[in-house]
Amino acid sequence: MDEESRILEGLRQGEAEAAGLLMDRYGSDILRTAVLLLKDRQWAEDVAQETFLLACRRIHQFRGDGSLRGWLLRTAIHLCRGRMRRAAWKRLLFNLSDEAAEHEALHPLPAVSPGSTEWVNRMTLRDEIGKLPYKYREVIVLHYFQDMRTSDIAGLLGEPEGTVKSRLKRARGQLKQHLEDGGWEHERTIQGG
Amino acid sequence: MNERFKEDEQIRNELRTELEHVVFSGKLKQNVLESLEPGRSFWKKEIVIPLPVIAFALILIAAIPVAGWRHAVSLQGETAIAERPNEEKIVVSAAGVFYESQLKREGDR
């Protein structure tokens, strides 16, 4: 019996130790995915915890037709989408501004010209991904961070593979443009030797 | 194709490096384990009330006084009609002006 099967068995029997092992194994992976999707550490931590709570409580719903990691990832993505939807409704109903934008407005960084060394040093790939629309961000994160193929992404998101392919193509194009505008690629190539 | 693969790998590596410090801490793990404890006190449990349920409850709370008020108004109207005294008919004759009931009483005698 491999470790995943042991964890599954333990979870089905309600063992706390199995829940601990599950979090040790996939916790950081789920949290990092949520951080990339939500752009907010606090929300990401909430989503990651909720993902494991739901997984432990609903383990009987896991049919075993895919990996446990994929099932956790699907739950996390579903929760992230819910968060984003609620945030969008809140902004719409209560006329609130984007929290990240508000923070940036209150604590502006000193202006630097785009493409300069300082600008590149300050720029992170994570931030650039965060600037993409949510539907693009989702496929980019799954493709690059989770190293998933388009067919797997399509299965996970429940969307046709063609849709995912074209979305990924557009998302990649936008990301590449952002990075090239900032000279990111050039800078990293120099740093990498 | 090879160039794109190189770019993709570069992005993957960069993302991994940037997110290295983001870890699912022991505190987060403890929170989850505490929430899973079977004998957890009711007051410590986190409950989620779906939005439609909240909306329904609010509508119900608002509807009760409105319905009560409407019912009270309709009852008041009925009572007013019920309590209205029988209007006296006035009979005008050559002998004068009389109430109908007065003439009836006189006739009975």
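Residues numbered from 1 in each chain as written. Chains lettered and ligands numbered in written order. Predicted model: local features only at pLDDT ≥ 70, side-chain atom pairs only at ≥ 80, totals over all residues.

In the nomenclature of an unreviewed UniProt entry, chain A corresponds to Sigma-70 family RNA polymerase sigma factor from the organism Paenibacillus soyae. As its UniProt record puts it under Sequence similarities (unreviewed entry), chain A is described as follows: "Belongs to the sigma-70 factor family. ECF subfamily." (UniProt positions renumbered as here; feature names shortened; annotations may be inferred.)

**Student:** For this particular structure, what's the right way to read helix α8 (residues 134-145) of chain A?
**Tutor:** For an α-helix, 3.6 residues make a turn, and residues three or four places apart therefore share a direction. All names here are of chain A. End to end, α8 covers 15 Å across 12 residues, agreeing with the expected 16 Å (1.5 Å per residue, within 8%). When you tally the buried positions in α8, you get nine out of 12 residues, the bulk of the element. If you check which residues of α8 are buried, you get Arg137, Glu138, Val139, Ile140, Val141, Leu142, His143, Tyr144 and Phe145. Of the residues trailing α8, Asp147 is marked for its positive phi of about 55°. (Helix = DSSP H or I, 4+ residues; strand = E, 2+ residues; numbered from the N terminus. Expected span 1.5 Å × (residues − 1). Buried ≥ 20, exposed ≤ 12 C-beta atoms within 10 Å, placed from the backbone.)

**Student:** Looking at this model, I keep getting lost on the UniProt feature "transmembrane region" (unreviewed entry) in chain B. Mind explaining?
**Tutor:** UniProt records the feature "transmembrane region" (unreviewed entry) for residues 47-69 of chain B in the present numbering. Helix makes up 83% of residues 47-69 of chain B and strand makes up 0%, while its end C-alpha atoms are separated by 34 Å.

**Student:** How should the packing of helix α1 (residues 3-12) of chain A against helix α2 (residues 16-38) of chain A be read in this particular structure?
**Tutor:** Each pair of packed helices gets described by two things: the angle between the helix axes and the distance between those axes. Residue and element names in this part refer to chain A. With their axes 7 Å apart at the nearest point, α1 and α2 run at an angle of 135° to one another. One finds that α1 runs oblique with respect to α2. The element α1 and its partner α2 pack so that their crossing is left-handed. Within the contact between the two elements, α1 uses Ile7, Gly10 and Leu11 and α2 uses Glu17, Ala18, Ala19, Leu21 and Leu22. (Axes fitted to C-alpha atoms, helices over the stretch in contact; angles between N-to-C directions. Parallel < 35°, antiparallel > 145°, perpendicular 65-115°, else oblique. Left-handed = near helix turned anticlockwise from the far one by under 90°. Contact = placed C-beta atoms within 7 Å.)

**Student:** Can you help me understand the packing of α2(A) against helix α2 (residues 26-36) of chain B in this one?
**Tutor:** Their axes nearest at 10 Å, the elements α2(A) and α2(B) cross at an angle of 150°. When the axes of α2(A) and α2(B) are compared, the pair comes out roughly antiparallel. In the crossing of α2(A) with α2(B), the sense of the turn from one axis to the other is right-handed. Here A:Ala16, A:Ala19, A:Gly20, A:Met23 and A:Gly27 of α2(A) lie close against α2(B), whose contacting residues are B:Lys29, B:Val32, B:Leu33 and B:Leu36. Classifying every residue of the contact of α2(A) with α2(B) by side-chain character gives six nonpolar, two polar and one charged. (Nonpolar A, V, L, I, M, F, W, Y, C, P; charged D, E, K, R; others polar.)

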